[in-house]
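# Close look at the chain arrangement
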Amino acid sequence: MYTQALNTPDREDRCVEDAARAAQFQARIDAEERIEPNDWMPSAYRKTLTRQISQHAHSEIVGMLPEGNWITRAPSLRRKAALLAKVQDECGHGLYLYAAAETLGASREELVDLMLAGKAKYSSIFNYPTLSWADIGTIGWLVDGAAIMNQIPLCRCSYGPYARAMIRVCKEESFHQRQGFEIMLTLCRGTEAQKAMAQDALDRWWWPVLMMFGPPDKLSQHSDASTRWKIKRFSNDELRQKFVDATVPQAQFLGLTIPDPGMKQNEAGNWVYSAIDWEEFNQVIAGNGPCNRDRLAARRKAHDEGAWVREAAQAYAEKRRQRTALQAAE
Amino acid sequence: MPTPNTPLWEVFIRSRNGLAHKHVGSLHATDATLALQAARDIYTRRGEGLSIWVVPSNAITASDPAEKGMMFEPAESKIYRHPTFYEVPDEVGHM
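Description of the structure in this document. From a predicted model like this one, the values you see are computed outputs, not experimental measurements.

So, how was this worked out
- Residues numbered from 1 in each chain as written.
- Chains lettered and ligands numbered in written order.
- Predicted model: local features only at pLDDT ≥ 70, side-chain atom pairs only at ≥ 80, totals over all residues.
- Heavy atoms only, no water.
- Core = buried A, V, L, I, M, F, W, Y, C linked by side-chain atoms within 4.5 Å.
- Buried < 20%, exposed > 50% of the residue type's maximum accessible area, 1.4 Å probe, protein only.
- Helix = DSSP H or I, 4+ residues; strand = E, 2+ residues; numbered from the N terminus.
- Contact = heavy atoms within 4.5 Å.
- Patch = residues over 30% accessible without salt bridge, like charges linked within 9 Å, V, L, I, M, F, W, Y side chains within 5 Å.
- Areas by Shrake-Rupley, 256 points an atom, 1.4 Å probe, with all protein chains shown as cover.
- Salt bridge = Lys/Arg side-chain N within 4 Å of Asp/Glu carboxyl O.
- Lys, Arg positive; Asp, Glu negative; His and termini not counted.
- Charge placed at Lys NZ, Arg CZ, Asp CG, Glu CD.
- Buried area = accessible area lost by both parts, 1.4 Å probe.
- Polar contact = N/O pair within 3.5 Å; in protein donor to acceptor, adjacent residues only side chain to side chain.
- Nonpolar A, V, L, I, M, F, W, Y, C, P; charged D, E, K, R; others polar.

We now examine the nonpolar core. Formed by 87 residues in total, the largest nonpolar core has its most connected members in Y45, W141, Y159 and W206 of chain A. Sorting elements by how many residues they give to this core places helix α7 (residues 160-188) of chain A first, with twelve residues. Those residues in contact with Y159 of chain A, other than ones at most four positions away along the chain, are I35, E36, P37, M41, Y45, L49, I53, A100, T103 and L104 of chain A. In terms of nonpolar packing, the next biggest core, distinct from the first, is built from nine residues, V11, I13, L27 and A39 of chain B among them.

Moving on: a negative patch on the surface. All names here are of chain A. There is a patch of like negative charges on the surface, built from E102, E109, E110 and D113. If you tally residues by element for the negative patch, the top one is helix α5 (residues 108-116), at three residues. Looking at the element boundaries, D113 is found in helix α5. What makes D113 partly exposed here is its relative accessible area of 42%.

Listed as interface residues are 17 residues of chain B and, on the opposing side, 22 residues of chain A. Roughly 1900 Å² is buried in total at the junction of chain B and chain A, and carbon and sulfur atoms are behind 59% of that figure. The tally of links from chain B across to chain A stands at one salt bridge. Taking the shortest distance from any N to any O, the salt bridge between E36 of chain A and R14 of chain B comes out at 3.2 Å. Run the count over chain B and chain A and you get ten residue pairs in polar contact (both at pLDDT 80 or more). Taken together, the residues that form the side of chain B that touches chain A break down as ten nonpolar, three polar and four charged.

This is the structure:
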């Protein structure tokens, strides 16, 4: 679903590498060449991408939890089938992304272990609860909408396997946003109580969704290198503004009010939003959001309870290997 | 004495910067190095590619086309996996 601007460069990455190779690498990036797994790359580039792609993958996997919460309670079979398909897509996106990260030399197992140990981050947005059915509509409409805004430029990211994975993801993401908007539209055309439920969901999700784009440009620590390497093509604030400008007319169409009374349109036509509470963002990132502990506990439980499946698959493969070897010997 | 078989390789070519390798055909070669060189000579005589992969044909596990009905049936009935399944009024614009 989404990766966030969480990367912070490590000091150790700044070691001096072969200057000629580094210059050659940058020249390739500047010429819009894609970097492929077997190409030489600076270790900081490899590290930044491994972190970003794996965090993106973790976000997809953890992102299944808030929505999975409503599968059994979807209001109709149509909605249930759609939600199930969407959650299944998020799982698929996680798998594409882990595979892209593995081309950089890390194994999926080790990346997942880092997440389960609480050492790898995932998008802050999934640490918020889904309290009503309208939250499912809001997630599709806004969370996936924000994810699309962020992911479309990633389709042109300098690292080939990541860019190609994102093309696939973006294609599938369109269904997610539309199903969310349809839920919102149905609620907004429904009873007063249904519309109030939609408004309540928007009120709760609006600010956390704006935070998905990461810290403001003036505080963002990682952007310089990522921009130079063309991993990132737009700044956090640029993407946030694009998202707000696209979303305001959609909210107006629904007849919902964005919970920002100070919001105004400027002369250029951009919607200027009020100050974002970055302290809340920092708290959520630090593990103190409303659901951080639940999410990690749910992932650990699933991982532990799935251990026998991994073991059984290994044992079965081994048995078949031995049988084939035996037949060959006869 | 019959001529011994030379192993078969599948050839994949990245045609342009940023694209994935795509299967273009196969060839015979006694080892991977020769397969790469042969692939260059057979499949990229007119600058068709930037990069070549060769994979032993017997390393490929394929689904059975005769069973494609059963294989892909689960996806066919799920029209709600497509964005066009959802009603979004034209006034809302592209989504």
